[in-house]
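Here are the chains, one letter per residue:
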Amino acid sequence: MRLPMIAGNWKMNTTLNEATALVTEMLKGLDAIEGVEKVVCPPFVSLAAIRDLLKGTSVKLGAQNLYFEEKGAYTGEISPLMLAGLCELVIIGHSERRQYFGDTGEVVNRKIRAALKAGLRPILCIGERLEENEAGKTAEVVTEQLKLAMDGIDYPPGFIIAYEPVWAIGTGKAATGEQADETIGLVRRNVSDMYGKEAADGVRILYGGSVTAANTAEFMRQSEIDGALVGGASLKAADFLSIIKQTSEIL
Ligand code: PGA
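Presented here is an overview of the structure given in this document. (Residues numbered from 1 in each chain as written. Predicted model: local features only at pLDDT ≥ 70, side-chain atom pairs only at ≥ 80, totals over all residues. Heavy atoms only, no water.)

### With respect to the nonpolar core
Going by this rule: Note on terminology: a nonpolar core comprises buried Ala, Val, Leu, Ile, Met, Phe, Trp, Tyr and Cys residues joined through side-chain atoms within 4.5 Å. Three exposure classes are used, based on accessible area relative to the maximum for each residue type with a 1.4 Å probe and protein chains only: buried under 20%, partly exposed in between, and exposed over 50%. Helix numbers and strand numbers start at the N terminus; a helix is a DSSP run of H or I with at least 4 residues, a strand a run of E with at least 2. Contacts are assigned to residue pairs with any non-hydrogen atoms lying within 4.5 Å of each other.
Grouped together as the largest cluster of nonpolar side chains are 62 residues, with contacts concentrated most on Ile6, Val40, Leu124, Ile161 and Tyr207. When residues in this core are grouped by element, the largest group, 6 residues, is from helix H1 (residues 16-30). Those residues in contact with Ile161, other than ones at most four positions away along the chain, are Leu124, Ile126, Leu146, Val187, Val191, Val203, Arg204, Ile205 and Leu206. Within the second largest apolar cluster, 12 residues are counted, among which are Ala7, Cys125, Ile160 and Leu206.

Here it is, written out as structure tokens:
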């Protein structure tokens, strides 16, 4: 049995005041829901305040990125050591990082290593772009991304992967449950090839890309999908709550 996870990726949204207000609103319903690992990933500048709000609750905190060096002359960057003790999880390799900020496969690999060394739990994002999908290259692309990201790294206990087709992110055009299930099944087989059956049975693989309260059930009913990484819908307390409630009922 894999514990499902729903993680909210707030991206570059919410001021400090908006972030604390959103979490305060969410906590009214969120804390009581059991059987799902619940995570919010606000912007860096709100992490400390939200950590305080989440103290003593069942909701966990994640960051959206990190830099792989521990400290030094890297103006504007945030190191794994700064995040350790502040949050538990960190999203790495999100397609927006790969697309706009030059996070190559090698960078993603270094970030995963740095996160693990600092005791942070990475949520590794992989997914194909529209043209790759249309060219029938989905399996090839996600296999390659996973291999590069994990090159030379032992299986991290409690590992989490998010399969997020780039064409489904923020577009309102989610994959179908079946499409997502098929690719996530493939990713699980890749994990099995790389790390063995026990790892493949234990790794949690989330779907991400235009997940809403209306389509959550379709994804959670699939056998391979262990939860969701939610962008837009995680910015509305009622929607995020509904996604988590439905997940706890189905999985
Ligand atoms: P979305 O984003 O739910 O807004 O499509 C998902 C993500 O990028 O993690």
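### Some thoughts on the site of the ligand
Our working rule: One heavy atom within 4 Å of a molecule or strand makes the whole residue count as near it. Definition of a polar contact: a pair of N or O atoms within 3.5 Å, with one able to donate and the other able to accept a hydrogen when the atoms are protein atoms, and with sequence-neighbouring residues admitted only if both atoms are side-chain atoms. Accessibility throughout is a Shrake-Rupley quantity obtained with a 1.4 Å probe, and a residue counts as covered only by protein chains that appear here. Residues are grouped as follows: Ala, Val, Leu, Ile, Met, Phe, Trp, Tyr, Cys and Pro are nonpolar; Asp, Glu, Lys and Arg are charged; all remaining types, including Gly, are polar.
Around the ligand there are 13 residues in total, and Lys11, His94, Glu164, Gly170 and Ser210 lie nearest to it. One of the side-chain N or O atoms of Glu164 is found 2.7 Å from an oxygen atom in the ligand. Between Gly170 and the ligand, the recorded distance is 2.6 Å, taken from a backbone N or O atom to an oxygen atom. Protein burial of the ligand: of its 280 Å² of free accessible surface, 95% is covered by the chains. Looking at side-chain class alone, the shell around the ligand contains 4 nonpolar, 7 polar and 2 charged residues.

### Comments concerning the packing of aromatic side chains
Rule in force here: Under the pairing criterion, centres of Phe, Tyr and Trp rings, with the six-membered ring standing for Trp, must be within 6.5 Å; the plane angle then separates stacked pairs below 30 degrees from edge-to-face pairs above 60, leaving the rest tilted.
Evaluation of the coordinates by the stated rule reveals 6 aromatic pairs. An angle of 45 degrees between the planes, with centres 5.1 Å apart, marks the rings of Tyr67 and Tyr74 as tilted. For the ring pair Tyr155 and Phe159, a centre distance of 6.0 Å and an interplane angle of 90 degrees mean the geometry is edge-to-face.

### Observations regarding the sheet that holds strand S1 (residues 5-9)
Backbone-to-backbone hydrogen bonds pair the strands of a sheet. The strands run either parallel or antiparallel. Heads up, the condition is: Only strands joined by at least two bridges in the DSSP assignment are considered to pair. Axis definition: a line fit to C-alpha positions, over the contact stretch in the case of helices; interaxial angles, taken between N-to-C directions, run 0 to 180 degrees.
Spatially, 8 strands are ordered S1-S2-S3-S4-S5-S6-S7-S8 in a closed barrel, and the strand pairing comes out parallel. Along the sheet, successive strands turn relative to each other by an average axial angle of 25 degrees, direction set aside. Where strand S2 (residues 37-41) lies against strand S3 (residues 59-63), 3 bridges are found, and the strand directions are parallel. Bridging from a neighbouring strand, Val39 pairs with Lys60 of S3. Where helix H8 (residues 177-195) meets the sheet, it contacts strand S5 (121-126), strand S6 (160-163) and strand S7 (204-208), and its direction lies at approximately 150 degrees from that of S7. In the packing of helix H11 (residues 237-250) onto the sheet, the strands contacted are S1, S2 and strand S8 (227-230), and the crossing angle to S1 comes to about 165 degrees.

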